[in-house]
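These are the residues of each chain, in order.
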Amino acid sequence: MVKALGWEKYQSAEKPAPFSTMPETTLEKLAADVAKRLETPVLRVVGNPEMRVTKLALSPGAAGFQRETHALGDGER
């Protein structure tokens, strides 16, 4: 998935996958880029479209609320 999105260049050795830091963009532009790269006509995004984004955590599938929130908490270190 990281390769399909072109995000491999944003991964760092200090914070391995699923975490990445990318150049600042808006949630709206990020969502449009993801939809284009995955060639999907439908993508659900929740949040302010103008929100600035630099940090990403990719967790495809349904790992479960507890596992996902724990992973996101680890990304803040």
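Our subject is the structure listed above.
Throughout what follows, the structure given in this document is the object of discussion.

Each value, and the rule that gives it
Residues numbered from 1 in each chain as written. Predicted model: local features only at pLDDT ≥ 70, side-chain atom pairs only at ≥ 80, totals over all residues. Heavy atoms only, no water. Helix = DSSP H or I, 4+ residues; strand = E, 2+ residues; numbered from the N terminus. Buried < 20%, exposed > 50% of the residue type's maximum accessible area, 1.4 Å probe, protein only. Contact = heavy atoms within 4.5 Å. Areas by Shrake-Rupley, 256 points an atom, 1.4 Å probe, with all protein chains shown as cover. Core = buried A, V, L, I, M, F, W, Y, C linked by side-chain atoms within 4.5 Å.

### Concerning the overall build of the chain
Part 1 of the argument: For the chain, the helix and strand inventory stands at 3 helices and 2 strands.
Part 2 of the argument: When its helices and strands are written in sequence order, the chain yields α-β-α-β-α.
Part 3 of the argument: Within the chain, buried positions represent 21% of all 77 residues.
Part 4 of the argument: Contacts in the chain between residues far apart in sequence, at least 24 positions, make up 61% of those at least 6 positions apart.
Part 5 of the argument: Just so you have it, the chain exposes about 6,000 Å², and 55% of that area is on carbon and sulfur atoms.

### Thoughts on the nonpolar core
Part 1 of the argument: Counting 8 residues, the largest nonpolar core consists of Leu5, Trp7, Met22, Leu27, Leu30, Val34, Val53 and Leu56.
Part 2 of the argument: Taken together, the elements giving at least two residues each to this core come down to helix H2 (27-37) and strand S2 (52-57).
Part 3 of the argument: It is H2 that provides the largest number of residues to this core, a total of 3 residues.
Part 4 of the argument: Every residue in contact with Leu5, bar those within four places of it in the chain, is listed here: Val34, Arg37 and Leu38.

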